[in-house]
Each structure stands twice: as structure tokens, then as C-alpha cells.
Amino acid sequence: MEIVALEYREAEFKSPAALGMRVAQVADACARKNLGAVGMARLLAGSAAPSKAAASPALLFGLRARSSEAAVAFGDAISARGYTGVVTWVGEGPTLQIPLSLWAGLGLVFACGGKEILVGASVEELESRFGGDEDSLIWMPAPDKFERAVDGLLLEVARRQGVRLVWVPGGGINEVDVQSESTEHLQVLTARTDSAEDSAPALARWAQGDRLQRGRARVAEISQVPKRWFRGVTGWQGQ
């Protein structure tokens, strides 16, 4: 079974309304391609595996939010089309001002760690961090300037501390075993960041498995590596 993950970052859109409109366009295009969805019950349990009867590929959305308005717009856009999403908080202040009881109604599950770069942290730092949250099944740590969000040590400590799903920037295509019921399994979900550079229909074709769009996306992903390195070394902010 294939899970396609799409990540949105509120900071890359001019307003929560613009973000919601883009997500709605992409979700509409994917729904027309009959892409399946990750079930909310499994997501609440820390698993991105869809039900065994779900269509493949199955689509899961993610958001790095800095305002409650963006989270609501995001949730409305995906839940109206039958999809679910993972949201983490990257804004000022402690958390989103939305009661936890309302998250599932918006088709959303909360992920921890959105403001924290954990790559390179020590064992002691990671054990303390992962052990300090009540809802710690899903994590979406902040990427560094090279878009790295995890390393081997982080994943090992997270697994030992009971984390079940880690969301990281990446290619967006994930193979999952829907038969696996292991409670020791830690799933790393790589997500393609949608900055609205491609049209919604093109993105839907990519999600569906179109070879041309998959190839173009892979080339674009590889081409970003030297640009990220250059930005990290020089601090250059150009496009």
C-alpha cells in the first residue's frame, strides 16, 4: 500500500485563506483521481496505514501552522473531501487555541515538536524531550536549514520512548504494510512540501502515480540539495 504525504507550511502563504484555498484545490483534484485516505482511528493510534479496503495510493496532509485560523482553514479543506491531516504548531505562544476534542472533527491529529530542531541532539536531550508530552505518538520535528529533521539516534530514542509516527520533509511517497500490527514499529513518513509551484491537477497526477509527474518531482527534489547546501553555508535567501 502506498501513502502519499503532502506538507503545507503556513509561512509560505500570504494568508490562512490563501492556504485553505490551495489545499482545497489540491484535495479536490486528488478526490477526482479517487485517491484514498488514511483513517482517523488509525491516525489517532499513531499509524498512517489506511484500512485494508482503502484505495491506493492513500493521501495524508500535514501542516506546520502558526495560527489557529490556518489550522481551521486547512482542516475544513481536507475534511470536506474525506481526507485527514497532521498538524503541528510553529507559531508564537504555546499551542493552537483549539480544544483537543475538536481536532478529530476537523479531520486533524496533533503532532509534537514543530518548533524544535532535534537533529544532532544528545541521548539525554532526546529522552527528556520525547518523555515530556502527554500526546507523544506523532512527532513533526522542525527541519534544519538543509531540510533534515531526523537522524538515526533520534529515531532510535523516539522508538524506545513510545513514538509511533515521525513526519519529515522528503519525497512524499511511502510504502506501508497494512498487515503489520507490531506495536514496536516506528513509522517515518516522508512528505513532499507543496509551495503551490505546480498546478493542483499536476500534483494530483503525481499523487496518483503518473510516471512523468513522479519523474519530474524526483528531479526537482534532487536539484534542491545543492541549493539548500548553498543557503546553509552562505545564508543566501534568494530563490
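Scroll up a little and you will see the structure.
Participant: Quick question: what am I supposed to make of the overall build of the protein chain here?
Facilitator: Each helix and strand in the protein chain was counted, giving eight helices and nine strands. Within the span of the protein chain, comprising 239 residues, buried residues form 46% of the whole. A fraction of 69% describes how many contacts in the protein chain between residues 6 or more apart in sequence connect residues 24 or more apart.

Participant: Would you explain helix α1 (residues 16–32) in this entry?
Facilitator: Count 3.6 residues to each turn of an α-helix, and residues three or four apart come out pointing the same way. Spanning 17 residues, α1 covers 24 Å between terminal C-alpha atoms, matching the ideal 24 Å at 1.5 Å per step. When α1 is considered as a whole, its buried residues turn out to be A18, L19, G20, R22, V23, A24, V26, A27, A29 and C30. Each element contacted by the buried residues of α1 is listed here: β1 (2–9), β3 (58–65), α3 (68–79) and α7 (200–208). N34 occupies a position one or two residues after α1 and carries a positive phi of about 60 degrees.

Participant: Could you clarify how one ought to interpret the packing of α1 against α7 in this entry?
Facilitator: Describing two packed helices takes the angle between their axes plus the distance from one axis to the other. One can describe the packing of α1 onto α7 by two numbers: an axis separation of 8 Å at closest approach and a directional angle of 50 degrees. The angle between the axes of α1 and α7 places the two elements in the oblique class. Classified by chirality, the crossing of α7 by α1 is right-handed. On α7, the residues touching R22, Q25, V26, A29 and C30 of α1 are A200, P201, L203, A204 and A207.

Participant: Quick question: what am I supposed to make of the environment of L6 here?
Facilitator: Inspection of the secondary structure assignment puts L6 in strand β1. Taking the C-alpha atoms as reference points, L6 and V26, separated by 20 residues in sequence, lie 9.8 Å from one another. In this structure L6 touches V26, L59, L60, F61, G62, W167, A191, R192, D194, L203 and W206, once residues within four positions along its chain are discounted.

Participant: When you look at the pairing of strand β7 (residues 165–169) in this model, what are you seeing that I'm missing?
Facilitator: For a regular strand, the rule is simple: side chains alternate between the two faces of the sheet. For β7, the buried fraction is high: five of the five residues fall into the buried class. Judged by which residues are buried, β7 turns out to be covered on both faces: L165, W167 and P169 on one side and V166 and V168 on the other are all buried. This β-α-β element, strand β6 (residues 138–139) to helix α6 (residues 152–160) to β7, shows right-handed connectivity.

Participant: Would you take a moment to explain the pattern of salt bridges for this structure?
Facilitator: Two side chains of opposite charge can pair, provided their charged atoms sit close to one another. Scanning the entire structure with this criterion turns up eleven salt bridges. Here E156 ties to R160 by a salt bridge, and the two come within 3.5 Å at their closest N and O atoms. Linking E156 with R160, this pair stays in helix α6, spanning four residues, or about one helical turn. Among the residues examined, E156 registers a relative accessible area of 31% and is labelled partly exposed. Overall, the relative accessible area of 44% leaves R160 in the partly exposed class. Put simply, D198 and R192 hold a salt bridge, and the shortest N to O gap is 2.4 Å. Classification of D198 as partly exposed rests on a relative accessible area of 27%. Take R192: its relative accessible area is 14%, and that puts it in the buried class.

Participant: Help me out: how do you make sense of unusual backbone geometry in this one?
Facilitator: Positive phi values are uncommon outside glycine, yet N34 reaches one of about 60 degrees. Inspection of the secondary structure puts N34 in the loop between α1 and β2 (36–37). Given a relative accessible area of 63%, N34 falls into the exposed group. In this structure, E147 takes a positive phi of about 70 degrees despite not being glycine. Mapped onto the fold, E147 is located in the loop between β6 and α6.

Participant: Whenever I open this one, the nonpolar core confuses me. Can you help?
Facilitator: When a protein is soluble and globular, its nonpolar side chains tend to lie buried together. With 31 residues, the main nonpolar core has Y8, F61, F74 and Y83 as its most contacted residues. For this core, the element with the highest residue contribution is α1, accounting for seven residues. Residues within four places of Y8 in sequence aside, it is in contact with F13, L19, R22, V23, V26, F61, G62, L63, R64, F74, D194 and L203. With 18 residues, the next largest nonpolar core counts A5, A48, A58 and A111 among its residues.

Parameters at a glance
- Residues numbered from 1 in each chain as written.
- Predicted model: local features only at pLDDT ≥ 70, side-chain atom pairs only at ≥ 80, totals over all residues.
- Heavy atoms only, no water.
- Helix = DSSP H or I, 4+ residues; strand = E, 2+ residues; numbered from the N terminus.
- Buried < 20%, exposed > 50% of the residue type's maximum accessible area, 1.4 Å probe, protein only.
- Contact = heavy atoms within 4.5 Å.
- Expected span 1.5 Å × (residues − 1).
- Axes fitted to C-alpha atoms, helices over the stretch in contact; angles between N-to-C directions.
- Parallel < 35°, antiparallel > 145°, perpendicular 65-115°, else oblique.
- Left-handed = near helix turned anticlockwise from the far one by under 90°.
- Right-handed = clockwise from strand over helix to strand, strands pointing away.
- Salt bridge = Lys/Arg side-chain N within 4 Å of Asp/Glu carboxyl O.
- Core = buried A, V, L, I, M, F, W, Y, C linked by side-chain atoms within 4.5 Å.

Read these as geometric descriptors, not functional statements.
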